[in-house]
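Descriptive structure summary
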Amino acid sequence: MSVFESRDFDGHEQVVFCHDRATGLRAIIAVHDTRLGPALGGCRMYPYAGSEEALRDVLRLARGMTFKSALAGLPLGGGKAVIMGDPFHDKSEALMRAMGRCIDRLGGRYIGAEDSGTGVTDLKQMAAETAHVAGVRERRTADGRLRDGDPSPYTAHGVFAGIRAAVRHALGTDSLEGVRVAIQGLGNVGSHLAAELHAAGARLTVADPVAERLAAAVEAYGAEAVGLEEIYAAPAEVFAPCALGAVINDATVERLAARIVAGGANNQIDEPRHGEALRARGILYAPDFAINAGGIIDIWYERAEGDEAEEMAKIEGIGATLEDIFREAEASGLTTAEVAERLAERRLDAAARGKGASAAA
Ligand code: NAD
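Worth saying up front: this structure is predicted, and the values here are computed from it rather than measured.

About the cut-offs
- Residues numbered from 1 in each chain as written.
- Predicted model: local features only at pLDDT ≥ 70, side-chain atom pairs only at ≥ 80, totals over all residues.
- Heavy atoms only, no water.
- Pairing = 2+ DSSP bridges.
- Helix = DSSP H or I, 4+ residues; strand = E, 2+ residues; numbered from the N terminus.
- Contact = heavy atoms within 4.5 Å.
- Axes fitted to C-alpha atoms, helices over the stretch in contact; angles between N-to-C directions.
- Salt bridge = Lys/Arg side-chain N within 4 Å of Asp/Glu carboxyl O.
- Buried < 20%, exposed > 50% of the residue type's maximum accessible area, 1.4 Å probe, protein only.
- Near = heavy atom within 4 Å.
- Polar contact = N/O pair within 3.5 Å; in protein donor to acceptor, adjacent residues only side chain to side chain.
- Areas by Shrake-Rupley, 256 points an atom, 1.4 Å probe, with all protein chains shown as cover.
- Arc of directions from axis to C-beta.
- Expected span 1.5 Å × (residues − 1).
- Core = buried A, V, L, I, M, F, W, Y, C linked by side-chain atoms within 4.5 Å.

The subject of this paragraph is the sheet that holds strand β9 (residues 203-207). Read across the sheet, six strands follow the order β10-β9-β8-β11-β12-β13 without closing on themselves; strand pairing throughout is parallel. The outermost strands of the open sheet, each flanked by one partner alone, are β10 (224-225) and β13 (284-285). Seen against the sheet, helix α6 (residues 211-221) touches β9 and β10 and runs at an angle of roughly 170° to β9.

If you want it as structure tokens, here you go:
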């Protein structure tokens, strides 16, 4: 296996393989780009089949974080970490502390946060060894509530703002009243999204392998529950992937019934040609790294001890960013994902030029 020859290598600044003899920790940290600031990204724990699979995942995810933070206008770069192991069987405090030490050795170039397979407890254990983890501090909200570092409700709120923008663009209405949204996955993000959509008058179709989560949505929101394969073709205006990556693929793209794809999952499009296929079918796609930035915005505000009202305005600004992307895609004939990447790259280049200029001064 080679990093430089991997098809997911994209000029990453640094890729670090970590091992801890005492705990057996095997992890990879990828720092993709630090032109805008330190590389902040989740630390995922997953039972990868091998280090090649783990490397592919971390390279792809780190690159996605660069674009996500740049588009969200945050002073952050892109990075990601993966721990090879089963979060249900292999987790221990010693393992998490060993991961914390690995992160610490990067001296702040990478800042870890929670991701699939890790949560606030794990991050707190890492924080015993390093200051370079985020999403661990309890905060008081403006209405006096004590909240933990879980960014999921904020990711969901950004997705909600993005769905509003997409509905306005594709269906020409500001109201979600009666608009049907098919949500794939009712986990941390999907469940909060369902609550917000229901409160705004949307009708819901839902799929999740966990029966209790489905039953809760049927009970609370009158949602229609469908099978895991049925959700793609379920009649709805919006398809909101909130579970897995690569769900827009050869097997699904022609079956989609919705006019809009807008959800919280990372890496929704399997290959760029599937983005083209959506466009050819007249389906508006809200690029994942643009619409699901609410969580990273929340983590940044926690770290910077920023103002909550300003944070919410920035999360809701995801809607305006998407409207710009939709308009530019229409005008240029590019896919929305291509436009979003170009917009992020323009911001990265501008930042790099700014730094160059100040270094020369
Ligand atoms: P989660 O694990 O809490 O939820 C995922 C849900 O999907 C679970 O309820 C699971 O049972 C369900 N699921 C699994 N396979 C499914 C299938 N085939 N069909 C339908 N449902 C299925 O994860 P999460 O934190 O809600 O994140 C969801 C997605 O959003 C992931 O892709 C994640 O990377 C992305 N994301 C999350 C955040 C965040 O703040 N949590 C931020 C950005 C992106």
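Turning our eyes to something else, we now look at the pattern of salt bridges. Across all of its chains, the model carries 27 salt bridges by this definition. Of the charged contacts, one joins Asp115 and Lys80 as a salt bridge, the two residues approaching to 2.7 Å between their closest N and O atoms. Here Lys80 lies in strand β4 (residues 77-84) and Asp115 lies in the loop between β5 (110-113) and α3 (120-127), a separation of 35 residues in the sequence. Ionic pairing is found between Arg327 and Asp324, a salt bridge with its closest N-O pair at 2.9 Å. Of this pair, Arg327 and Asp324 both sit in helix α11 (residues 318-332), three residues apart, roughly one helical turn. The partly exposed category is assigned to Arg327, whose relative accessible area is 47%. It is possible to trace a salt-bridge network through shared partners that takes in Asp20, Glu93, Arg97, Arg101 and Glu129.

With that settled, consider the site of the ligand. Close contacts around the ligand come from 24 residues, with Thr155, Val189, Asp208, Arg213 and Asn266 the closest. Within the side chain of Ser152, one N or O atom sits 3.3 Å away from a nitrogen atom of the ligand. Asn188 places a polar main-chain atom, nitrogen or oxygen, 2.9 Å from an oxygen atom of the ligand. In the complex, 78% of the free accessible area of the ligand, which totals 820 Å², lies under the protein chains.

An α-helix turns once every 3.6 residues. As a result, residues three or four positions apart point the same way. If you check which residues of helix α7 (residues 272-280) are buried, you get His274, Gly275, Ala277 and Leu278. Take α7 and look down its axis: the buried residues cluster within an arc of 155°, on one side only. With respect to the buried face of α7, the exposed residues turned more than 90 degrees away are Pro272 and Ala280. In this fold, the buried residues of α7 make contact with β12 (260-261) and β13. With its phi angle positive at about 75°, Gly282 sits one or two positions after the end of α7.

Turning next to helix α4 (residues 152-171). When the terminal C-alpha atoms of α4 are compared, their 27 Å separation across 20 residues agrees well with the 28 Å that a helix rising 1.5 Å per residue should span. The buried fraction of α4 amounts to 14 of the 20 residues, a majority that puts the element mostly inside the structure. Following α4 by one or two positions, Gly172 has its phi on the positive side, about 70°.

Another aspect to go through is the nonpolar core. In this structure, Ile163, Val181, Ile183, Leu193, Leu197, Ile297 and Leu322 are the most contacted members of the largest nonpolar core, which totals 61 residues. In terms of residue count, α4 provides more of this core than any other element does, eight residues in total. With residues near it in sequence (within four places) discarded, Val181 still touches Leu197, Ala202, Arg203, Leu204, Thr205, Ala236, Val238 and Ala240. Leu25, Val31, Ile83 and Met99 belong to the second largest nonpolar core, which has 22 residues in total.

The strand order β1-β2-β4-β3-β5 describes an open sheet built from five strands, whose pairing is mixed. The open sheet has two edge strands with one neighbour each: β1 (14-20) and β5. For this sheet the average axis-to-axis angle between neighbouring strands, irrespective of direction, equals 25°. Two strands pair when backbone bridges link them, and strand β3 (residues 39-46) and β5 are joined in this way by four bridges, in the parallel orientation. Opposite Gly42, over in β5, you have Ala113 as the bridge partner. Against the sheet, helix α1 (residues 51-71) touches β1, β2 (25-33), β3 and β4, its axis set at about 155° to β4.

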